[in-house]
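# Commentary on secondary and tertiary structure
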Amino acid sequence: MSTETAETVESGAPAHRGRLAGRVAIVTGGSRGIGRAIVERFAAEGARVAFTYNSSADAATAMVRELGEENAMAVKCDVSSAEEIASLVEKVLTAWGKIHILVNNAGITKDTLVMRMSQQDFEDVLRTNLTGAFLATKAVMRPMMGERWGRIINIASVVGLIGNPGQANYVASKAGLIGMTKSIAHEVASRNILVNCIAPGFIQSDMTAKLNEAQQTGLLGMIPLKRQGQGADVAALAAFLASDDASYITGQVIAVDGGMTMV
Ligand code: NDP
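Residues numbered from 1 in each chain as written. Predicted model: local features only at pLDDT ≥ 70, side-chain atom pairs only at ≥ 80, totals over all residues. Heavy atoms only, no water.

Before going further, it helps to spend a moment on the environment of Asp206. Within the fold, Asp206 resides in helix H7 (residues 206–209). What makes Asp206 partly exposed here is its relative accessible area of 46%. Note: C-alpha distance between Asp206 and Val24 (182 residues apart in sequence) is 27 Å. (Helix = DSSP H or I, 4+ residues; strand = E, 2+ residues; numbered from the N terminus. Buried < 20%, exposed > 50% of the residue type's maximum accessible area, 1.4 Å probe, protein only.)

See below:
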């Protein structure tokens, strides 16, 4: 890749200016954490990005101001609602006419041991993390088919591969996302729509800030690189998978985990 087309984004990672030029992307849960890093990276690479927020309205508004209304759009949307997803897609198509890229990033945790886990907490996590991704994927499929070009990137987790005590609901949602990715990748490959999963490890965000010190130390001990990852580390892979550089990759699960799950 030519250094002339690369610029440095906040993380220090090179963003490839123009690699996503002309593309329209939707990122769910884009106003903070990993989703925010993905929105910023996609915009830095030339995409127009519509991102959703559910409760972080102020952060979403500030981001649109920073990125510019011609490049960024914030839409309030609970991903577990088919109606709200339909309205999101409608808004993006009305404003920008196309959808090329979807990142299913929105996610929640409600951790506890199965013995103590309520059915409600199990189902809530599945509804946001897995049903939400299903609904958004289904809603963008027609516009992507119309373009004969599409990229769907699902943010799973390494725990969807290896399990984790206290997270049966979350792990079920992420393992489900991995399986769903592979099925959909088969279904839409002939339409030039590529579907992949990113499995982040231990990434600094509000979600991991909730872990207690012992849990954080335990996790760091499992990481060969001996440090937490950043949203930007995940965003760099998402930008690659969303670009033409990844045009022969589909149905894959790629870990961004500092070596945590190497076999
Ligand atoms: P955060 O808790 O920092 O952010 C979660 C995001 O999801 C927010 O933008 C939030 O929006 C959004 N969200 C939550 N519920 C809904 C909903 N019902 N509808 C729409 N949006 C919703 O998490 P991270 O940035 O850490 O995580 C992002 C993704 O990465 C998640 O899928 C997570 O499972 C995954 N992941 C994270 C890892 C980590 O170490 N941090 C490791 C592995 C995977 P709002 O603020 O507006 O409510």
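The subject of this paragraph is the pairing of strand E4 (residues 48–53). Across a regular strand the side chains alternate sides, sitting on one face of the sheet and then on the other. Burial analysis of E4 places five of its six residues in the buried class, which makes it a mostly covered element. Chirality of the crossover, the property in question, places the unit of strand E3 (residues 24–27), helix H1 (residues 33–44) and E4 among those that are right-handed. For E4 and strand E5 (residues 72–76), the ladder comprises five bridges, and the chain directions are parallel. Across the sheet, Tyr53 pairs through a bridge with Lys76, a residue of E5. In the classification by handedness, the crossover that spans E4, the intervening helix H2 (residues 57–67) and the parallel E5 is right-handed. (Right-handed = clockwise from strand over helix to strand, strands pointing away. Pairing = 2+ DSSP bridges.)

Now for the pattern of salt bridges. Following the criterion strictly, the structure yields 11 salt bridges and no others. Arg41 is paired through a salt bridge with Glu45; the nearest N and O atoms lie 2.8 Å apart. Put simply, Arg19, Arg41, Glu45 and Asp245 are held in one network by salt bridges that share partners. (Salt bridge = Lys/Arg side-chain N within 4 Å of Asp/Glu carboxyl O.)

Turning our eyes to something else, we now look at the site of the ligand. Surveying the vicinity of the ligand reveals 30 residues, the closest of which are Arg32, Asn54, Ser56, Tyr170 and Ser205. Ser55 is positioned such that a nitrogen or oxygen atom in its side chain is 2.6 Å from an oxygen atom of the ligand. Cys77 is positioned with one of its backbone polar atoms (N or O) 3.5 Å from a nitrogen atom of the ligand. Starting from 900 Å² of accessible surface for the ligand in isolation, the protein chains cover 95%. Of all elements in the fold, only H1, helix H6 (168–188) and H7 reach the threshold of two or more residues within the shell around the ligand. Per-element tally for the shell around the ligand: the top contributor is H7, with three residues. Taken together, the residues of the shell around the ligand sort by class into 13 nonpolar, 13 polar and four charged. (Near = heavy atom within 4 Å. Polar contact = N/O pair within 3.5 Å; in protein donor to acceptor, adjacent residues only side chain to side chain. Areas by Shrake-Rupley, 256 points an atom, 1.4 Å probe, with all protein chains shown as cover. Nonpolar A, V, L, I, M, F, W, Y, C, P; charged D, E, K, R; others polar.)

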